[in-house]
Amino acid sequence: MTYEPSLIAVVVFFVFVGITLALSFYLGGRAKSSSGYFAAHGQIPWFVNGVAFAGDYLSAASFLGICGMIAFYGYDGFLYSIGYLAGWIVALFVIAEPMKRLGKFTFADALNANYQSRGIQLVAGVSTLAVSLFYLIPQMVGAGVLVRPLLGFDHWVGVVMVGAVVILIVVTAGMVSTTWVQFLKGALLVLFSAVLTLLILQRGFSEHVGTEAYPFINLRLIDPDPEELEEELERKGYRVVTRGSAWAERPYLWLATADGTTSLVRMIETADGLLLHGAQWITDTADGRQSINGVETGQSALDAGKVAELEPVGHIASLPSGEATGPVGPLSFFRILSRSELILWEREFVEEGDQAVTTVYYPKLISGAQALRPGEHPKFAGIRKEGFWPKLNFLSLMFALFCGTASLPHILIRYYTVKDAAAARKSTIVGIATIGFFYVLTLYMGLGAMTSGALDVTNNNMAAPLLARSINEWLFAAISAIAFTTVLGTVSGLILASAGAISHDILKNYARVEMTDHQQVRVAKLASVAIGMIAIVLGILFEKMNVSYLVGWAFSVAASANLPALVMLLFWKRTTKQGIIAGVLVGMISSLAWILLSADTFTEVYAVTRPALLETLIPFSQPGIVTIPLSFLTLVAVSLATQRKL
Amino acid sequence: MGGYDASQLFARLLPRFIPDGLIRMPPRIFADRNTRLGLRYFFVYTAVYLAFVLVIAFAPQWSEWELIEGLNMAVAWGFGLIVFAFLLAMMYGLGCQPDDSDPGPAPRDAEESK
């Protein structure tokens, strides 16, 4: 589908960014000392900090990725919501209190508080950098994905824009402005999501929703006689045509109508017969030409007055009552959905003759009840299989999400921006409330998008903004701008955490580079610019990767490297500095290695065949369930081996 | 709520073959009531979360069971975990005692206390 930049979206967008920058410059004068730069003088009010937690945490992955996953696959995306939120329990009940007592500015300081070890400073700084970089990539990719359809620019433009704005914010004002940016962003995101959810409920369900719903061929045949099928279709005005042997064994029909249009339909078996539903296709020929839904792209199409594009999708095939429902309540929303039939979309490739490849986006019929249960997404399908091993991937992911939140360096650093432990606690509670409420909304938004008739079948990240557009254009403009500020806020926090790791942990504490406070701030700013530029490059390189997958990556590394060290340091007296160093190193390296050698990475990044040996060594893609305990054990073993004799 | 000795907690949790000498007196951190409260709530929540994860992994058909019309266990339990997290957090906030490290309320001026 072509995205036409909406003037409203552009204006609202730039107004938002303008206000953010203005705030940043205004507050910029205040943060001149390093304590001010890094930890905002320890004076940010707890309520503001709490909502800023939400603004920081609800990144592109939460808003775009989860809603998109739910919109295309159903319940499974919600598992991420649950896992992410549950991680806050670890953060609040296990880490928050003790952490506040210990540290000064950064996570490395907290780790090092009792040991004064340069080794710890270095290792913790490196770990912070590694996790922050991996978490930055999906945010930058998210920025590009957002900007392209909104403003009509290419992916790389969006990435560069985010990078530039964030570098500007971080360099001018440090933590204070990022906290206010994130407070603003968090509050607005939740507010507008609530409005969107209300409008979804207000709109209710119908079989033809949305301003852009495309009328696909939708024929239901009761007990059709296969011999008579072609005649039946002729009676309805469709002539069956053939198109090559590649299609012979597949459940498709090519139909032509009297006006010369060709359509592709998928044959779907239903309880009482057959459903023929329109599908979409893109054909790429060997000589570089492309046609979309039968219309060739390029000038000839424009001349002929036709548009070569994919149509928006996502609707209900049949409602329980057979007619539009009108406004629904939050519970009857689920009742009606579970009794309906839905059309979801999948993709497959068909190799035709002459080296032409056709990408087919085909519909599948699914009951609402099925969409509302776990296990429909390909990465979670293992839970419906027999045996223990297919389920390990799911278990490992839920474990990593649970442990990951408390381990994220850009979240931890926020504990130091309030003045005492009580305030840290209160702000975490506010954070949990805000984030939890938002995650409840993601389920409604995702399911609303699923039935809105406005989804882009090639890109599930756009589901939430497109849903908004199908309801109201102003809302679409606002939500897109907020989503963009979402990315701004998260990226600022990450760059700050990384800059702190470089200037404070690695340079000042490990390498013992002499710096005045003022110099340290300047070094941090330089580091911010450098990291920002690296993030821009990576965001462009990783354009094709799935945002949620990358975030899961960051969570696994964080949980493996940081959490065991933090927990054991806080709760086990016999932890030694060698144990901590070993634990962080082993956790970080093992989780990175596991991910880089996993089946998912081979398919999505390297695109080569994976050696069979790896299949035995690394049978599933999520490392958490192996590498987190490994890090714990390493820490314990090394600590016991290096106990100081008293 | 009587406090409990965290070393007893560890002793109950760990398998017996780990020699006693390995886990001795817990660090001073357990003397802190707030920390103990937090850990208690942590274990409660973890149990509920773990149950949720295990049901989905090993008995996904249970998650399809409809609690009330239209609302299946998967959705209800998911919402429940979110709400429960917030409730526990609130209870924790209310149950925590002021920290020793908190600066006390600013001393009143002599003129104020008449």
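Report on the accompanying structure. Since the structure is predicted, the reported quantities are computational estimates derived from the model, not experimental observations.

1. Some details on the overall build of chain A
Here comes step 1: Scanning chain A from terminus to terminus reveals 24 helices and ten strands.
Here comes step 2: The burial tally for chain A puts 62% of its 646 residues in the buried class.
Here comes step 3: Taking the contacts inside chain A whose residues are at least 6 apart along the sequence as the reference set, 76% of them involve residues at least 24 apart.
Here comes step 4: Summing over all exposed atoms, chain A offers an accessible surface of approximately 23800 Å²; the carbon and sulfur share of this is 60%.

2. Comments concerning the overall build of chain B
Here comes step 1: Each helix and strand counted, chain B has three helices and two strands in total.
Here comes step 2: Secondary structure elements in chain B, listed N-terminal to C-terminal, are α-α-β-β-α.
Here comes step 3: Considering chain B as a whole, with its 114 residues, one finds that 37% of them fall into the buried category.
Here comes step 4: Expressed as a percentage of contacts within chain B between residues at least 6 apart in sequence, the contacts between residues at least 24 apart total 60%.

3. Some words on the interface of chain A and chain B
Interfaces are often sized by the accessible area lost when the parts come together.
Here comes step 1: Taken together, the contacts link 49 residues of chain A with 51 residues of chain B.
Here comes step 2: Together chain A and chain B conceal approximately 4200 Å² of surface at their shared face, both sides included; 73% is due to carbon and sulfur atoms.
Here comes step 3: Linking chain A with chain B are three salt bridges.
Here comes step 4: Linking Arg339 of chain A and Glu66 of chain B is a salt bridge whose minimum nitrogen-to-oxygen distance equals 3.1 Å.
Here comes step 5: Our count for the chain A to chain B interface comes out at seven residue pairs in polar contact (both at pLDDT 80 or more).
Here comes step 6: Where the side of chain A that touches chain B is concerned, the elements lending two or more residues are α5 (76-102), α11 (332-338), α13 (389-404), α15 (421-450) and α20 (563-571) of chain A.
Here comes step 7: Of the residues forming the side of chain A that touches chain B, the biggest block, 14 residues, is contributed by α5 of chain A.

4. As for a negative patch on the surface
Residues and elements named next belong to chain A.
Here comes step 1: On the surface, a cluster of negative charge is made up of Asp225, Glu227, Glu228, Glu230, Glu231 and Glu234.
Here comes step 2: Mapped onto the fold, Asp225 is located in the loop between β1 (218-222) and α9 (229-235).
Here comes step 3: On the accessibility criterion, Asp225 (39% relative accessible area) is partly exposed.

5. Describing the packing of α13 of chain A against helix α2 (residues 33-58) of chain B
Here comes step 1: One can describe the packing of α13 of chain A onto α2 of chain B by two numbers: an axis separation of 10 Å at closest approach and a directional angle of 160 degrees. Comparing the axis directions of α13 of chain A and α2 of chain B gives the class roughly antiparallel. When the axes of α13 of chain A and α2 of chain B are compared, the crossing they make is right-handed. Across the interface between the two elements, Lys391, Phe394, Leu395, Met398 and Phe402 of chain A from α13 of chain A touch Phe42, Tyr45, Thr46, Tyr49, Val53, Leu54, Ile56, Ala57 and Phe58 of chain B from α2 of chain B.
Here comes step 2: Here the residues of the contact of α13 of chain A with α2 of chain B sort into twelve nonpolar, one polar and one charged.

6. What to know about the pairing of strand β3 (residues 252-256) of chain A
Residues and elements named next belong to chain A.
Here comes step 1: Of all five residues that make up β3, five are buried, and the element is covered over most of its length.
Here comes step 2: Direction of pairing for strand β2 (residues 239-241) relative to β3: antiparallel, over a ladder of three bridges. Note on β3: the bridge partner recorded for Arg239 is Ala256.
Here comes step 3: Here five bridges tie β3 to strand β4 (residues 262-270), and the two strands are oriented antiparallel to one another.

7. Notes on the pattern of salt bridges
Residues and elements named next belong to chain A.
Here comes step 1: Evaluated as defined, the whole model comprises twelve salt bridges over all chains.
Here comes step 2: Across the salt bridge formed by Lys364 and Glu346, the nearest N and O atoms sit 2.7 Å from each other. Taken together, the residues Lys364 in strand β10 (residues 357-367) and Glu346 in strand β9 (residues 341-351) connect sequence positions 18 residues apart.

8. A closer look at the packing of aromatic side chains
All names here are of chain A.
Here comes step 1: Scanning all chains against the criterion turns up 36 aromatic pairs over all chains.
Here comes step 2: Ring geometry for Trp247 and Tyr252: centres 5.5 Å apart, planes at 85 degrees, overall edge-to-face.
Here comes step 3: Overall, Trp247 belongs to the buried group, its relative accessible area being 5%.
Here comes step 4: Connected via pairs of aromatic rings, a cluster forms that spans Phe53, Tyr57, Phe63, Tyr80, Tyr84, Trp88, Tyr135, Phe380, Phe394, Phe438, Tyr439 and Phe555.
Here comes step 5: Above the ring of Tyr362, the side-chain terminus of Arg266 is found at 3.9 Å from the ring centroid.
Here comes step 6: When the ring centre of Phe476 is taken as origin, the NZ or CZ atom of Arg469, which lies over that ring, is 5.2 Å away.

9. Topic: α13 of chain A
Here comes step 1: Here α13 of chain A contains 16 residues, and its C-alpha end-to-end distance of 23 Å stays within 8% of the 22 Å for a straight helix at 1.5 Å per residue.
Here comes step 2: Of all 16 residues in α13 of chain A, 13 are buried; the element is thus mostly enclosed.

10. With respect to unusual backbone geometry
Phi is mostly negative for residues that are not glycine, and the peptide bonds are mostly trans.
All names here are of chain A.
Here comes step 1: A positive phi angle, near 50 degrees, is found at Asn293, a position not held by glycine.
Here comes step 2: Mapped onto the secondary structure, Asn293 falls in the loop between β6 (290-292) and β7 (295-296).
Here comes step 3: Overall, the relative accessible area of 19% leaves Asn293 in the buried class.
Here comes step 4: Residues other than glycine seldom take positive phi values, yet Gln355 does so here, at roughly 60 degrees.

11. Re the side chain of Ser340 of chain A
Residue and element names in this part refer to chain A.
Here comes step 1: Note on placement: Ser340 falls in the loop between α11 and β9.
Here comes step 2: Residue Ser340 is classed as buried on the basis of its relative accessible area of 2%.
Here comes step 3: With sequence-adjacent residues up to four places away left out, Ser340 is seen in contact with Ile316, Ser318, Leu319, Pro320, Ile366, Ser367 and Gly368.

12. Description of the nonpolar core
Here comes step 1: In terms of nonpolar packing, the biggest core is built from 202 residues, with Tyr84, Phe333, Phe334, Phe394 and Tyr439 of chain A together with Tyr45 of chain B touching the most fellow members.
Here comes step 2: Apart from residues lying up to four places away in sequence, Phe333 of chain A is in contact with Ile200, Leu201, Phe205, Val328, Tyr444, Leu447 and Gly448 of chain A.
Here comes step 3: Leu219, Leu229, Leu274 and Leu276 of chain A belong to the second largest nonpolar core, which has eleven residues in total.

Rules and cut-offs
- Residues numbered from 1 in each chain as written.
- Chains lettered and ligands numbered in written order.
- Predicted model: local features only at pLDDT ≥ 70, side-chain atom pairs only at ≥ 80, totals over all residues.
- Heavy atoms only, no water.
- Helix = DSSP H or I, 4+ residues; strand = E, 2+ residues; numbered from the N terminus.
- Buried < 20%, exposed > 50% of the residue type's maximum accessible area, 1.4 Å probe, protein only.
- Contact = heavy atoms within 4.5 Å.
- Areas by Shrake-Rupley, 256 points an atom, 1.4 Å probe, with all protein chains shown as cover.
- Buried area = accessible area lost by both parts, 1.4 Å probe.
- Salt bridge = Lys/Arg side-chain N within 4 Å of Asp/Glu carboxyl O.
- Polar contact = N/O pair within 3.5 Å; in protein donor to acceptor, adjacent residues only side chain to side chain.
- Patch = residues over 30% accessible without salt bridge, like charges linked within 9 Å, V, L, I, M, F, W, Y side chains within 5 Å.
- Lys, Arg positive; Asp, Glu negative; His and termini not counted.
- Charge placed at Lys NZ, Arg CZ, Asp CG, Glu CD.
- Axes fitted to C-alpha atoms, helices over the stretch in contact; angles between N-to-C directions.
- Parallel < 35°, antiparallel > 145°, perpendicular 65-115°, else oblique.
- Left-handed = near helix turned anticlockwise from the far one by under 90°.
- Nonpolar A, V, L, I, M, F, W, Y, C, P; charged D, E, K, R; others polar.
- Pairing = 2+ DSSP bridges.
- Phe/Tyr/Trp six-rings, centres within 6.5 Å; stacked < 30°, edge-to-face > 60°.
- Lys NZ or Arg CZ within 6 Å of the ring centre and 35° of its normal.
- Expected span 1.5 Å × (residues − 1).
- Core = buried A, V, L, I, M, F, W, Y, C linked by side-chain atoms within 4.5 Å.

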